[in-house]
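Here's the letter readout for the chains.
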Amino acid sequence: MNELPADLLHGDWTCQREIDLLKRTQAAHQQLTKRLQVMARELRGERYYPLQTETKQLRVRVYHTYVPPVEASEDTQAAPGRWTLRIEGVDASAEEPTIVKFSSYFRKTSIELDPHLYSDHVVEWTSFQKASHEVDGLEVSRTGSTAHTVKIKLLAAQTPERFSISPELEAAIGQYLGPAKAYTKQDIVLAMWQYIKLRNLIKEDDCRVVVCDDRLVQVLNCVSLPFTSIVVALKQHLTPINAIDLEYTLSLSTACESELLDEKFFDVSVAATSDLDRTRTRALKECEELQQDQKKELALLQAQELDILERLQTYTRKKEWMTQFAQDPCGFMADVKTSQLADEQILAAETELDEFNVPRPQQFTQPWVREVVGELLTTRPTN
């Protein structure tokens, strides 16, 4: 019988080109991933791209509306008066004044109402709240018809945040701080550590606890505390700098429903992110999106590669089977028959039962079993 052509037995399969293409694509993805990681590290590194801010003028608009109370009648129910106060930021430096995002310039805002009129008289907003990102402004609404003055405090967003310290704290650690009048929390904690270390105020049996001397007792109002709690204990002595304090009077009259009663503008200087940092933020966001897309594509390519490898193994087995069959059909089928007979013998041997190993539960019900078990339980072992 003529042998099969050599190119059929040892030639390249069609799917080999697909495997090579997948390998090259996977290598390209790995190179792209490394490059994206390097770019992300460079963009995040303050060593290469220090944070830069610029001062700009922001116009804060404060206004309120008022819905007067409704007296009870046959058709309507009585309803108290309700006022709504809103605070917005307007970019005064732009050609056309536009409302800006509060979260871009302020990290915290507190509105203090008249405590004699409202029990929950302090309303706070922080940029750390989950639902507070990218807000255009703040809005507070309460029931009431009494005119009063509200106090508004705006804390500018600055990195890192800086504080001025109380006279009591300055008397204790002022010598360990620099000449500046504004310090970061890191500066204050390091100064506290210098004070504690030089005076040996660490508890002997627990190095995590600070034993306060007379001066620290006046500052922290405690005899001892864990060092990790010092920042919380010092909170009352820290005042954020560049806090903007505003006052606005709510003049409530019997105006028409939802009519704008009054508005007031305050021009303040705020620190804005520079164009370089904004560009860097956008680049980081795009880089992260590219990384996510690249991971999805890589996972898809790996799944396709596994599928091709499985099909390749199937084709290889079929090729070997058909090659052997084509070279010697009679001998090949005889070998197949012999292999099948051997498999049948193995299966038959596994299914046969050995009469000595067949479990016989009735033998444990014989009379002698009870006697033997009782003797084993009652007989003491001899030394």
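What you see as residue numbers is a count from 1 along each chain, following the sequence as written. Local features are withheld for residues below a pLDDT of 70 in this predicted model, meaning they are given only at 70 or higher, and side-chain atom pairs are given and counted only at 80 or more; totals for whole chains, interfaces and linings count all residues. Hydrogen atoms and water are omitted, and side-chain values are computed over all heavy atoms in the structure.

An unreviewed UniProt entry annotates the protein chain as DM2 domain-containing protein originating from Phytophthora fragariae.

(A) Broad picture of the pattern of salt bridges. Any carboxyl oxygen of Asp or Glu that lies within 4 Å of a side-chain nitrogen of Lys or Arg is treated as forming a salt bridge with it. Considering all chains together, one arrives at nine salt bridges under this definition. A salt bridge links Glu-263 to Arg-61; its shortest N-O distance comes to 2.8 Å. One end of the pair, Glu-263, is in strand β14 (residues 259-273); the other, Arg-61, is in strand β1 (residues 53-67), and 202 residues separate them in sequence. Accessible area is worked out with a 1.4 Å probe on protein chains only. A residue is then buried under 20% of its type maximum, exposed over 50%, and partly exposed in between. For Glu-263, a relative accessible area of 33% translates into the label partly exposed. For Asp-307, the salt bridge identified is with Arg-311, shortest N-O distance 3.3 Å. Residue Asp-307 and its partner Arg-311 are both found in helix α7 (residues 275-327); the two are separated by four residues, about one turn of the helix. Taking the relative accessible area as the measure of exposure, Asp-307 reaches 39% and is therefore partly exposed. Beyond isolated ion pairs, a larger network of salt bridges with shared partners links Arg-61, Arg-86, Glu-88, Glu-139 and Glu-263. Numbering of helices and strands runs from the N terminus; a helix is a DSSP stretch of H or I covering at least four residues, while a strand is a stretch of E covering at least two.

(B) Molecular detail of the sheet that holds strand β9 (residues 183-184). Sheet architecture is open: three strands sit in the order β9-β8-β12, paired in antiparallel fashion. The open sheet has two edge strands, β9 and β12 (238-240), and neither has a second partner. Summarising the sheet, strand β8 (residues 162-165) and β9 pair through two bridges and their orientation is antiparallel. Across the sheet, the residue bridging to Phe-163 is Tyr-183, located in β9. When DSSP finds two or more bridges between two strands, those strands count as paired.

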